[in-house]
Amino acid sequence: MRKLSFSGVITFVLLLMSFSSISHALEISSLDDKFDVFLFCTEDAGDYCDGNEITKDQFYFNDGEFTTDWFEEQLWGFNDPGSYDEDGSFFSGDYEVYNESAEKYEIDFQGISLLDEIIIGIMDIKYYEWDFLKFKFEKEDDTSAYFLGIRK
């Protein structure tokens, strides 16, 4: 009888541990936080990206809103934050910025979150300058940038 109760307790503990492990594994991590990011740009895109060089930035993800540190000091003040969506470990979003130098940046990105601490992905960046004669933004540069981010 004693062996039976001991084996019952062991079985119960093992079952309890397996259920808690499964529930922990099913828990989806949130991207909401600040990430130190390194971008490698394939071509130039205004002042934000220089071709074949690495740019350091910070990405902020917060309840579906996305912003970056790089544009913080250059904004006219009427820019809305970008947006992003999460689907498990995958995410995607966009961001449109107008700065005080009469420039516009359109950024589309997609990536994956690894181990809840690292993000990797690709950004498509379109750079526009204001044409005073045509009274509209004219596209100047178009590039892709690969990024690696670490949760701060």
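Refer to the structure presented above.
Description of the structure in this document.

How each quantity is defined
- Residues numbered from 1 in each chain as written.
- Predicted model: local features only at pLDDT ≥ 70, side-chain atom pairs only at ≥ 80, totals over all residues.
- Heavy atoms only, no water.
- Disulfide = S-S within 2.5 Å.
- Buried < 20%, exposed > 50% of the residue type's maximum accessible area, 1.4 Å probe, protein only.
- Helix = DSSP H or I, 4+ residues; strand = E, 2+ residues; numbered from the N terminus.
- Phe/Tyr/Trp six-rings, centres within 6.5 Å; stacked < 30°, edge-to-face > 60°.
- Lys NZ or Arg CZ within 6 Å of the ring centre and 35° of its normal.
- Contact = heavy atoms within 4.5 Å.
- Polar contact = N/O pair within 3.5 Å; in protein donor to acceptor, adjacent residues only side chain to side chain.

Topic: the state of the cysteines
Stage number 1. Under the criterion given, the structure shown has 1 disulfide.
Stage number 2. The disulfide bridge from cysteine 41 ends at cysteine 49, spanning 1.7 Å between sulfur atoms. Residues cysteine 41 and cysteine 49 are joined by a disulfide whose S-S torsion is about -45 degrees; by sign, that bridge is left-handed. You'll find cysteine 41 and cysteine 49 in the same group, each marked buried.

Thoughts on unusual backbone geometry
Stage number 1. Phi angles above zero are rare outside glycine, and leucine 115 is one such case at about 55 degrees.
Stage number 2. Here leucine 115 is to be found in the loop between strand 6 (103–114) and strand 7 (118–131).
Stage number 3. Accessibility expressed as a relative area gives 77% for leucine 115, which makes it exposed.

Side note on the packing of aromatic side chains
To describe a pair of aromatic rings, you give the distance between the ring centres and the angle between the ring planes.
Stage number 1. Tallied over the entire structure, the rule returns 24 aromatic pairs.
Stage number 2. Ring plane angle 80 degrees and centroid distance 5.1 Å describe the contact between phenylalanine 59 and phenylalanine 66, whose orientation is recorded as edge-to-face. Phenylalanine 66 matches phenylalanine 59 in its accessibility class, with the two residues each being buried.
Stage number 3. Positioned above the aromatic ring of tyrosine 128, the side-chain terminus of lysine 104 is 4.8 Å from the ring centre.

Details of the environment of glutamate 106
Stage number 1. Considering the arrangement of structural elements, one finds glutamate 106 in strand 6.
Stage number 2. Along the chain, glutamate 106 and tyrosine 127 lie 21 residues apart, while their C-alpha atoms are 6.6 Å from each other.
Stage number 3. Contacts of glutamate 106, omitting those with residues within four sequence positions, involve Tyr95, Glu96, Asp124, Ile125, Lys126 and Tyr128.
Stage number 4. A polar contact of 3.1 Å, which involves the side chain of glutamate 106, links it to the side chain of lysine 104.

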